[in-house]
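Coordinate inspection notes
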Amino acid sequence: MVNKRTNLLSAKGRAGFTRLLDPTRRVKPALPLVALFLTALASSATAQLDATWTVTVRDETVRVNPDGTFRIANVAAPDEFGPGGPGTVPDFVSDEYLRVTGVSTAGGVTRFTFSERFRIEDDIKFVVDDMTITDAPPPFLARAIVVDANPDSLTLGESLQLAVTGLFPDGSMNDLTPSSMGTVYRSSNPSVAMVNEDGLLSSLLRGGVFVTATNDGATSVKRVDILSETVQTTIEGYVRLGDDSAVEGALVTSTAFGGIAETDANGFFVVLVDAPIDASATVAASANLVGIPHVGGSDTYTIVPDGITDVGIVVVAPQVAGPLFGSFIHDTGREPVSAASGDLDGDGDIDVVTGNEDADDASGIGYVRVFLNDGEGRFADPVSYRAEGPDGPRGITVGDLDLDGDLDIVTAEEGNTSVSVLLNDGKGAFGDPTVFAVSSWTRAAAIGDLNADGNPDLAVAIRSENTVSILLGDGKGAFTESGSFGAGRDLYDVVMGDLDADGDLDLLTANHQGQDVSVLLNNGDATFADEVRYDAGFSNWDVELADLNGDQALDAVVAATGFGGRVAVMFNIGDGTFGEATDYQAGFEPQTITLSDLDGDGDIDIAAGNGAIASYSVFTNNGDGTFATAADHATGACPYAII
């Protein structure tokens, strides 16, 4: 059957991937994958399979029968499009290639088996005719893949060839771009840009798309922006108070196209921007007058190509209590993809650290930037520190790792098999990163004392292996990996909190491809019970914890980019068990969230950064954990992180 909401070939259930079914329930299995190794059909390799083997396809695992046969039922795979690729009518054939893999440890010797690639059809049995057995892991199965676009934006009407690179068990890296290598591509919005079977992306409308590449279970996502032909314009105007007096030193930015200027003694400003032809936008102004934030914005204006766009007078007024936001704009450098905040220099105000994918010299080396607050919400020029991974710190967080009373930095670099620790000198300056190895490519990290020894530990999301690695701290800023624990598919985020109220820190992960979250309850010694998954939306990026309804239990909020963008709220009943998610419509493709009392009424509200449009959405809490319709606020560019 086909789940109409998600267009997935699947068993019953939200989120599009098969869940384990109660054998007592009378549910028709969807897409049963059956492999029968008959003596007449068996190859010499196949004939060696017996009850010591387990075989797996798409996270469904069974033990082989003594006679070498096996049957895997309830296998599900996405069917979002037909042979023509994303945007075409689904054809009841899986979009992705599947492969059966297996392992045996009989006699203390580990052996591996695998089939050729294949696709499945809706409700049709599939017979695997041949399996190959080897003494080494299959060399063609990439531990992780990376899809890249160079450049990562293109002008409307242009095309761009994507590139997919696989990291293999032997440490080699190979090109997996062509469909002949088993790579399948998807566009998050085929009406904006379509991608063909070999990764050629063709732009159709202005906007942003996320291209997903999948190869033998490994997945990678890349954002590409489609831009209209642009022209330069000069935006001019004045910033005044309500009594028509000029405001000197106000910061003014074009909310749609960036560009920033400061007003002169007459309140006059000039902002130079590049913008699409016939575009419309507004400007936002902010100023701090006698310690009181003032904000304001212009009416919508139409860009004057190669000329002067006069927006007239922008009136600023004191910012009132509640979720009304002004802004100061600070240059973060090239491609910021993560951010964290805390008092880094010990002066009592909140500073900011960003993780950037690329250095200002476009060298391709990621780095960390530290912005120290001057106490009025403005920041000194940033100081940059090298990061280890080629894709920059996708995850960044701060905490006192060496117990010296100041906040240090931990980064997780998606293109690197390690996390980096930058220790603070107490004044907001940091040394070179110290690298601590993990098993594969990372995505996010969380800090907390997991084994109650008083030292901060790390939980690291290993995206390519669907695990969380635990690194125990020595209280001096050094860490040792103690184990890894299975979580959902394609981990994008991990957070810590006492979910079952037993006094220790548990884990919650956001599973991007699994379309759910995983709860891992702590045994008290930094080991964890088997994960429990809860449906949480489609294409989950970020997860945060807070008590939303005042019952003293930590609830979960998930940012999900699927179906245009949702924020999912999940209530914890108090023992680490979560109820059904409630979805709230956000702006287009929210990738990041933060939780705080934004309107000063004593309860926790939600802010979500919309990764495909230049805005963020604010959801105010009604006091009982339900939320008002989102109020959207413009930003200078598409936000990748919100803190």
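What the chain contains, in helices and strands, is zero helices and 54 strands. Relative to its 643 residues, the chain shows a buried fraction of 51%. Taking all contacts inside the chain whose residues are at least 6 apart in sequence as the whole, residues at least 24 apart take part in 50%. Here the chain has roughly 26300 Å² of accessible surface; of this, 51% comes from carbon and sulfur atoms.

As a rule of thumb, nonpolar side chains are buried together in soluble globular proteins. Grouped together as the largest cluster of nonpolar side chains are 20 residues, with contacts concentrated most on Leu162, Val164, Tyr185, Leu201 and Val224. Those elements that provide at least two residues to this core are strand S11 (144-148), strand S17 (193-195), strand S19 (207-215) and strand S20 (218-227). Excluding residues that lie within four positions of it along the chain, leucine 201 makes contacts with Leu154, Glu158, Ser159, Leu160, Ala193, Met194, Val195, Val211 and Val224. Counting 19 residues, the second largest nonpolar core, distinct from the first, contains Ile235, Phe269, Val273 and Val311.

In total, this model carries nine aromatic pairs according to the counting rule given. For the ring pair tyrosine 238 and phenylalanine 268, a centre distance of 5.1 Å and an interplane angle of 55° mean the geometry is tilted. Here tyrosine 238, found in strand S21 (residues 230-240), pairs with phenylalanine 268, found in strand S24 (residues 268-276); they are 30 residues apart in sequence, far enough to count as distant. In this structure tyrosine 238 comes out as partly exposed when scored by relative accessible area, which is 32%.

What follows concerns the sheet that holds strand S18 (residues 200-203). Pairing is antiparallel in the open sheet, where three strands are placed in the order S13-S18-S17. The open sheet has two edge strands, strand S13 (159-161) and S17, and neither has a second partner. Each strand of the sheet is rotated relative to its neighbour by a mean of 20°, with strand direction disregarded. In terms of strand pairing, S13 meets S18 through three bridges, oriented antiparallel. Considered in S18, the bridge of serine 159 is made with serine 202.

Here we take up the pairing of strand S40 (residues 457-462). Of all the six residues making up S40, six are buried; the element is thus mostly covered by neighbouring parts of the structure. Residues Asp457, Ala459 and Ala461 of S40 are buried on one face, and the alternating residues Leu458, Val460 and Ile462, pointing to the opposite face, are buried as well. Where S40 lies against strand S41 (residues 467-473), five bridges are found, and the strand directions are antiparallel. Looking at S41, one finds that alanine 461 is bridged to valine 468. Hairpin connection between S40 and S41: a loop of four residues separates the two successive antiparallel strands, and asparagine 466 in this loop has a positive phi of roughly 60°.

Time to look at the environment of valine 543. Turning to its location among the elements, valine 543 is positioned in strand S47 (residues 540-546). Between the C-alpha atoms of valine 543 and valine 495, which are 48 residues apart in sequence, the distance is 7.2 Å. Leave out the neighbours within four places in its chain, and valine 543 touches Asp493, Val495, Leu508, Thr509, Ala510, Ala556, Val557, Val558 and Ile593.

For the rest of this paragraph, the subject is the pattern of salt bridges. Tallied over the entire structure, the rule returns six salt bridges. Note that lysine 222 is salt-bridged to aspartate 148, the shortest N-O span being 3.8 Å. Highlighted residues: lysine 222 in strand S20 and aspartate 148 in strand S11, separated in sequence by 74 residues. Using a relative accessible area of 13% as the deciding quantity, one classes lysine 222 as buried. Assessed through its relative accessible area of 38%, aspartate 148 is described here as partly exposed. One salt bridge connects arginine 240 with aspartate 244, and the closest N-O pair in it is separated by 3.1 Å. The class of arginine 240 is buried, set by a relative accessible area of 15%.

Below, the discussion takes up the sheet that holds S19. Strands in a sheet are paired, the pairing made by backbone hydrogen bonds, and the direction either parallel or antiparallel. Strand order across the open sheet formed by four strands is S12-S20-S19-S16, with mixed pairing between neighbours. With partners counted over all chains shown, the strands left at the sheet margins are strand S12 (153-155) and strand S16 (184-187), one partner each. The average angle at which neighbouring strand axes cross in this sheet is 25°, direction not considered. Relative to S20, S19 runs antiparallel, the two sharing nine bridges.

This next bit is on unusual backbone geometry. Phi is positive for leucine 403, which is not a glycine, with a value near 55°. Along the chain, leucine 403 falls in the loop between strand S35 (393-399) and strand S36 (408-413). Phi at aspartate 490 is positive, roughly 65°, even though this residue is not glycine. Among the secondary structure elements, aspartate 490 is positioned in the loop between strand S42 (479-486) and strand S43 (491-497).

Moving on, we come to the confidence of the model for the chain. Per-residue pLDDT for the chain averages 78, and the proportion of residues at 70 or more is 81%. Of all helices and strands in the chain, the one with the weakest mean pLDDT is strand S1 (residues 2-3) (29), whereas S41 scores best (93). When the criterion is pLDDT under 50, residues 1-47 qualifies, and its contacts beyond four places in sequence or with other chains add up to 137 contacts. Scored below 50 in pLDDT, residues 320-324 shows eight contacts in the model against residues more than four places distant or in partner chains.

Let us now look at the environment of isoleucine 396. Within the element layout of this structure, isoleucine 396 appears in strand S35. Spatially, the C-alpha atom of isoleucine 396 lies 6.3 Å from that of alanine 340, the residues being 56 residues apart in sequence. Residues contacting isoleucine 396, with those up to four places away along its chain left out, are Ser338, Ala339, Ala340, Val353, Thr354, Gly355, Val368, Ile409, Val410 and Thr411.

Attention now moves to the side chain of aspartate 457. Along the polypeptide, aspartate 457 turns up in strand S40. Lysine 476 provides the closest opposite charge to the buried, salt-bridge-free aspartate 457, at an N-O distance of 14 Å. Looking at aspartate 457, its side chain comes within polar contact range of the main-chain nitrogen of leucine 450, at 2.8 Å. Excluding anything up to four places from it in sequence, aspartate 457 contacts Ala446, Ile447, Gly448, Asp449, Leu450, Asn451, Leu471, Leu472, Gly473, Phe479 and Met496.

Here is what the cut-offs are and how they apply
- Residues numbered from 1 in each chain as written.
- Predicted model: local features only at pLDDT ≥ 70, side-chain atom pairs only at ≥ 80, totals over all residues.
- Heavy atoms only, no water.
- Helix = DSSP H or I, 4+ residues; strand = E, 2+ residues; numbered from the N terminus.
- Buried < 20%, exposed > 50% of the residue type's maximum accessible area, 1.4 Å probe, protein only.
- Contact = heavy atoms within 4.5 Å.
- Areas by Shrake-Rupley, 256 points an atom, 1.4 Å probe, with all protein chains shown as cover.
- Core = buried A, V, L, I, M, F, W, Y, C linked by side-chain atoms within 4.5 Å.
- Phe/Tyr/Trp six-rings, centres within 6.5 Å; stacked < 30°, edge-to-face > 60°.
- Pairing = 2+ DSSP bridges.
- Axes fitted to C-alpha atoms, helices over the stretch in contact; angles between N-to-C directions.
- Salt bridge = Lys/Arg side-chain N within 4 Å of Asp/Glu carboxyl O.
- pLDDT = per-residue confidence, 0-100.
- Lys, Arg positive; Asp, Glu negative; His and termini not counted.
- Polar contact = N/O pair within 3.5 Å; in protein donor to acceptor, adjacent residues only side chain to side chain.

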